[in-house]
Amino acid sequence: MPEGHTLHRLARLHQKLFGRAPVVVSSPQGRFADGAAAVTGQVFKQADAWGKHLFHHYTGGHVVHIHLGLYGTFTEAPVPLGLPVGQVRMRIVGSEYGTDLRGPTVCEVIAEPEIADVVARLGPDPLRKDADPALAWKRISKSRRSIGALLMDQSVIAGVGNVYRSELLFRHQIDPYRPGTLMGQDEFDAMWTDLVELMKIGVRRGKIVVVRPEHDHGAPSYGPGRPRTYVYRRAGEACRVCGATVRTAELEARNLFWCPDCQV
Ligand SMILES: [Zn+2]
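Residues numbered from 1 in each chain as written. Predicted model: local features only at pLDDT ≥ 70, side-chain atom pairs only at ≥ 80, totals over all residues. Heavy atoms only, no water.

Asker: Run through the packing of aromatic side chains, naming residues and quoting values.
Answerer: The geometry of an aromatic ring pair is captured by the separation of the ring centres together with the interplanar angle, meaning the angle of the planes. Applying the stated criterion across every chain yields a total of eight aromatic pairs. With 5.4 Å between their ring centres and 75 degrees between their planes, Phe44 and Tyr58 make a pair best called edge-to-face. Of this pair, Phe44 sits in strand E3 (residues 43-50) while Tyr58 sits in strand E4 (residues 53-58), and the two are 14 residues apart along the sequence. Across the pair, exposure class does not vary: Phe44 and Tyr58 are buried alike. With a centroid separation of 5.4 Å and 80 degrees between ring planes, the pair formed by Tyr177 and Trp258 is classed as edge-to-face. Within this pair, whereas Tyr177 is found in the loop between helix H6 (162-171) and helix H7 (185-205), its partner Trp258 is found in strand E11 (residues 254-258), the two being separated by 81 residues in sequence. Judged by its relative accessible area of 5%, Trp258 falls in the buried class. Clustering of aromatic rings is evident, with ring pairs tying together Phe18, Phe44 and Tyr58. (Phe/Tyr/Trp six-rings, centres within 6.5 Å; stacked < 30°, edge-to-face > 60°. Helix = DSSP H or I, 4+ residues; strand = E, 2+ residues; numbered from the N terminus. Buried < 20%, exposed > 50% of the residue type's maximum accessible area, 1.4 Å probe, protein only.)

Asker: Describe the coordination of the zinc ion, and please don't skip the residues or the numbers.
Answerer: At 2.3 to 2.4 Å from the zinc ion lie its protein donor atoms, namely Cys239 (SG), Cys242 (SG), Cys259 (SG) and Cys262 (SG). One chain supplies every donor for the zinc ion, spaced along it as C-x2-C-x16-C-x2-C. You can call Cys259 buried: its relative accessible area is 0%. Note on Cys262: relative accessible area 11%, which makes it buried. (Donors = N, O, S within 2.8 Å, 3.2 Å for Na, K, Ca; no water.)

Asker: Tell me about the UniProt feature "domain: FPG-type" (unreviewed entry) in the chain, and please be specific about residues and values.
Answerer: UniProt tags residues 230-264 as "domain: FPG-type" (unreviewed entry). The distance separating the terminal C-alpha atoms of residues 230-264 is 16 Å; by composition the span is 0% helix and 29% strand. (UniProt positions renumbered as here; feature names shortened; annotations may be inferred.)

Asker: How would you explain the sheet that holds strand E2 (residues 24-26) if you had to name every residue and give the values?
Answerer: Reading across from one edge, E2-E7-E8-E6 is the order of the four strands in this open sheet, with antiparallel pairing throughout. Among the strands making up the open sheet, the edge pair consists of E2 and strand E6 (73-78). Pairwise comparison of adjacent strand axes, ignoring direction, gives a mean angle of 15 degrees for this sheet. Relative to strand E8 (residues 97-102), E6 is paired through six bridges, and the arrangement is antiparallel. Residue pairing for E8: Thr75 is matched across the bridge by Asp100. (Pairing = 2+ DSSP bridges. Axes fitted to C-alpha atoms, helices over the stretch in contact; angles between N-to-C directions.)

Asker: So what's going on with the layout of surface pockets? Which residues, and what values?
Answerer: Here the largest pocket defines a volume of roughly 730 Å³. In terms of lining, the largest pocket is formed by 29 residues, of which the most central are His5, Lys207, Ile208, Arg226 and Pro227. Where the lining of the largest pocket is concerned, the elements lending two or more residues are helix H1 (4-18) and H6. No other element matches H1, which puts five residues into the lining of the largest pocket. (1 Å grid on protein atoms, 1.4 Å probe; cavity = no way out; pocket = protein on both sides within 12 Å on 5 of 7 lines; lining within 4 Å. Points joined across faces, edges and corners; volume = space filled by probe spheres on them.)

Asker: Run through the pattern of salt bridges, naming residues and quoting values.
Answerer: Counted by the stated rule, this structure contains nine salt bridges. Of the charged contacts, one joins Asp100 and Arg102 as a salt bridge, the two residues approaching to 3.8 Å between their closest N and O atoms. Given the relative accessible area of 7%, Asp100 is considered buried. Between Asp216 and Arg228 there is a salt bridge; the shortest N-O distance is 2.3 Å. Residue Asp216 is found in the loop between H7 and strand E10 (247-251), and its partner Arg228 is found in the loop between H7 and E10; the two are separated by 12 residues along the sequence. (Salt bridge = Lys/Arg side-chain N within 4 Å of Asp/Glu carboxyl O.)

Asker: Would you mind going over unusual backbone geometry in detail, with residue names and values included?
Answerer: Excluding glycine, residues mostly carry a negative phi; peptide bonds, for their part, are mostly trans. In this chain, Val79 is followed by Pro80 through a cis amide linkage whose omega measures 0 degrees. Of note, Pro80 is situated in the loop between E6 and strand E7 (88-93). Positive phi, normally seen in glycine, also occurs at Glu252, with a value near 45 degrees. A positive phi is found at Ala253, a non-glycine position, where the angle reads about 70 degrees. With respect to the element layout, Ala253 can be found in the loop between E10 and E11. By relative accessible area, Ala253 is classed as exposed at 63%.

Set out below in structure tokens:
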């Protein structure tokens, strides 16, 4: 699933490609036909993201709210775009570029004030300048749920997915099963600062970079084109730092990865 850095990167890209000009919006597949009709021809004012939610703001007060879910993708190309391939939910065509959105979980038109309803369910987003980490700390420090589960809860911190969750806990040597109530504030503060840095790198480079240079040797990444990780998708392999066997287990329906020796 795309993590928050992907959405912020898309927001920047769409802002650059379409910002402050009228665009033609359609739904070749038909499932977003009414939404597309509401915004087509309007000026694409701005794009921004909060966690894994993307917002396209149009003149007239309409906002297209998108959540990619597990399978959603945007594909950009110079105009003229070819005939739509596959199930294109939304096509945006600007003066020089266009983009096709396929497979999102959410693609809907909402009114500007309704954004507040969406973000009311979300915790602070490390990539937003207005993020208040104190809100996340409040939730974590009062919860008996494991820190591994809390980090994936979008109402605690918005934008963290399984890769950043697993890798952040490894980098801070924290056992993913430790209850939130047993986290120290200094530990949380250090994790938040690190997360902001890591996710900014993710936006800048368009990929997740989490392994420190001194550990970035030995085993390759878990798959072609995938990031090198300490523990994510490395179950059964040797920890890059201590050599112990990386473990995996299911936690709240998502696979968790950790080093039982490094993380306590
Ligand atoms: Zn280890």
